[in-house]
Amino acid sequence: MSPKKITHKKGKGFTDQERVAMKERVQELKSGKEDGESVVLAKIAAMREPDRALGKRLHAIITASAPALSPRLWYGMPAYAKDGKVVCFFQNAQKFKTRYATLGFSDRANLDDGAVWPVAFALKELTASDEARIGALVQKAVT
């Protein structure tokens, strides 16, 4: 039997946006400290509309609903952590050039509901009922 020739298919690899996110995460880890509210607010302020408005509202909702969460950056995104572990985060649409922003929850969030439950939500705008729903989700996530 002759040895088989091993070929490796070259994948597309990471996108430019994914590389930037990874570099941001490396910088966050090298900083050796938790990013605070001022860093998160600066990141949100640097976003383009409508992401900036969504980010500001989410920040207000999350900090009011779960004051125990600490704002910080996570892969360059505004995130909110409990005991140093990210519970939820805001991914603006421009970050990965998607058509909507995302509010995501990590596995640290206590959102379990049976065998299947959502952990990310697409955001294009926020109504009063959306804001109430997000506030309730954030409260549940930290209990």
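For clarity, every value in this text was computed on a predicted model and none was experimentally measured.

Trainee: Can you help me understand the pattern of salt bridges in this one?
Mentor: Note on pairing: side chains with opposite charge can pair once their charged atoms come close. All chains considered together, the criterion is met by 3 salt bridges. Between Asp16 and Arg19 there is a salt bridge; the shortest N-O distance is 2.8 Å. With Asp16 and Arg19 both in helix α1 (residues 16–31), this residue pair falls 3 residues apart, about one helical turn. Relative accessible area serves as the criterion here: at 57%, Asp16 is assigned to the exposed category. For Glu131, the salt bridge identified is with Arg57, shortest N-O distance 3.0 Å.

Trainee: Is there a simple way to think about unusual backbone geometry in this case?
Mentor: Keep in mind that most residues, glycine aside, have a negative phi and that most peptide bonds are trans. Of note, the amide linkage connecting Glu49 to Pro50 takes the cis form, showing an omega dihedral of 0 degrees. Unusually for a residue other than glycine, Asp83 sits at a positive phi of about 55 degrees. Within the element layout of this structure, Asp83 appears in the loop between β2 (77–82) and β3 (85–91). The exposure class of Asp83 is exposed, given its relative accessible area of 73%.

Rules of the game
- Residues numbered from 1 in each chain as written.
- Predicted model: local features only at pLDDT ≥ 70, side-chain atom pairs only at ≥ 80, totals over all residues.
- Heavy atoms only, no water.
- Salt bridge = Lys/Arg side-chain N within 4 Å of Asp/Glu carboxyl O.
- Helix = DSSP H or I, 4+ residues; strand = E, 2+ residues; numbered from the N terminus.
- Buried < 20%, exposed > 50% of the residue type's maximum accessible area, 1.4 Å probe, protein only.

Purely spatial values, then, with no claim about function.
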